[in-house]
Amino acid sequence: PIIYVVTPTYRRPEMIAELTRLGQTLTMVQRVHWIVAEDSSTCTSAITNLLQRLGLPYTHLATPMPDIYRKERYVPRGVSNRRAALAWVKENGDDNGVLFFLDDDNAIDIRLFDEMRSTDKVSMWPVGLIGDYTVSSPVVNDGKVVGFYDGWPAGRKFQVDMAGFAVGVAYLKKQKKVTMPYIAGHEEDGFLKSLNLSVKDIEVRADGCTTILVWHTRTAKNPSRLLKLDHHQNDNIKLLTDN
Ligand code: UGA
Ligand code: MN
């Protein structure tokens, strides 16, 4: 089965560094289709160039966040662009395929792709370096999920991070009301609820959720002040001076 890796991204100084690192990791994986979904009204040419160089099958989308959400105190990040990617997979995805959301700043062990490739409905595994508890993971007993260990329960049915699960494309296509809410912190839970999923249906991966194969790493923000004054800069450098 092919794995559709959905990566939301947005313009800031770190963007190309993140996508170069992640894209090069993906070139080590068989049968992946990378969907780079920009939170922007146009496709950035530096990203198009990267995608062409990498040689992976890819889809490049641009779907900006509506202004009303950008003004909120807690901005729901990466929703408009993930929604566009979801629509693309529902329309074009292979029924044998698997959908996986991978944010541009995360770090992944390529063995995770072997784990998720056999996903029927939804598979799950732990995510490292996240929140107050360091790990977010389903709690497993006798091979079944019986609860969640997560630093931010927030009344969620599925207390998981975006990088902590994958979805079978055939199962996704069968669902009538698939969506992702514009509610910061509830994107994953809202999406999984919209799939009509029961906790007992979750397919456990990564040695009964005992192995960490993906990390919620975050990149420090760069100030990028100096170069703003330089009119000789090319596009490649201009991308580093955003904000
Ligand atoms: C955490 C989760 O891991 C995200 O999946 C979730 O969307 C986010 O919280 C949330 O609840 O808002 P976190 O590291 O806090 O992620 O957020 P970012 O890494 O800043 O953003 C998540 C993804 O959305 C990234 O791939 C980022 O490039 C993208 N993003 C961020 C946008 O597309 N637009 C933005 O304005 C900001
Ligand atoms: Mn992040």
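Owing to the predicted nature of the structure, the values given are computational and were not obtained by experimental measurement. (Residues numbered from 1 in each chain as written. Chains lettered and ligands numbered in written order. Predicted model: local features only at pLDDT ≥ 70, side-chain atom pairs only at ≥ 80, totals over all residues.)

## Some words on the sheet that holds strand S1 (residues 3-9)
Whether parallel or antiparallel, the strands of a sheet pair through hydrogen bonds between backbone atoms.
Phase 1 of the analysis: The mixed open sheet is built from seven strands, whose spatial order is S3-S2-S1-S4-S10-S6-S11. In this open sheet, the two edge strands, each paired with only one partner strand, are strand S3 (58-62) and strand S11 (203-204).
Phase 2 of the analysis: As paired strands, strand S4 (residues 98-101) and strand S10 (residues 165-168) are joined by three bridges and run antiparallel to one another. Bridging across to S10, Val98 finds its partner in Gly168.
Phase 3 of the analysis: On the sheet, helix H2 (residues 45-54) packs against strand S2 (32-38) and S3 and is oriented at approximately 170 degrees with respect to S3.
Phase 4 of the analysis: Against the sheet, helix H4 (residues 79-92) touches S1, S2, S3 and S4, its axis set at about 140 degrees to S2. (Pairing = 2+ DSSP bridges. Helix = DSSP H or I, 4+ residues; strand = E, 2+ residues; numbered from the N terminus. Contact = placed C-beta atoms within 7 Å. Axes fitted to C-alpha atoms, helices over the stretch in contact; angles between N-to-C directions.)

## As for helix H7 (residues 187-194)
Phase 1 of the analysis: What H7 keeps buried is the set Glu187, Glu188, Phe191 and Leu192. Seen end-on, H7 carries its buried residues on one side only, within an arc spanning 120 degrees.
Phase 2 of the analysis: Downstream of H7 by one or two residues, Asn196 has phi in the positive range, about 60 degrees. (Buried ≥ 20, exposed ≤ 12 C-beta atoms within 10 Å, placed from the backbone. Arc of directions from axis to C-beta.)

## Overview of the environment of Lys193
Phase 1 of the analysis: Mapping Lys193 onto the fold places it in helix H7.
Phase 2 of the analysis: Residue class for Lys193 comes out partly exposed when judged on the 16 C-beta atoms lying within 10 Å of it.
Phase 3 of the analysis: Between the alpha carbons of Lys193 and Thr20 there is a distance of 33 Å; along the sequence they are 173 residues apart.

## Comments concerning the pairing of S3
Phase 1 of the analysis: Relative to S3, S2 is paired through five bridges, and the arrangement is parallel. In the sheet register, Ala37 faces S3, and the bridge partner there is Leu61.
Phase 2 of the analysis: Handedness of the crossover joining S2 and S3 through H2: right-handed. (Right-handed = clockwise from strand over helix to strand, strands pointing away.)

## Quick look at the nonpolar core
Phase 1 of the analysis: One finds Tyr4, Val5, Val6, Val98, Leu99 and Phe100 to be the most contacted residues of the largest nonpolar core, which totals 51 residues.
Phase 2 of the analysis: Among all residues touching Val5, those that are not within four sequence positions of it are Leu26, Val32, Trp34, Ile35, Phe100 and Leu102. (Core = buried A, V, L, I, M, F, W, Y, C linked by C-beta atoms within 7 Å.)

## Overview of the UniProt feature "active site" (unreviewed entry) in the protein chain
Phase 1 of the analysis: Per the UniProt record, "active site" (unreviewed entry) is annotated on Glu188.
Phase 2 of the analysis: The topology assignment puts Glu188 in helix H7.
Phase 3 of the analysis: Taking the number of C-beta atoms within 10 Å as the measure of exposure, Glu188 has 20 and is therefore buried.
Phase 4 of the analysis: Apart from the residues lying within four places of it in its own chain, the contact partners of Glu188 are Phe158, Val160, Asp161 and Met162. (UniProt positions renumbered as here; feature names shortened; annotations may be inferred.)

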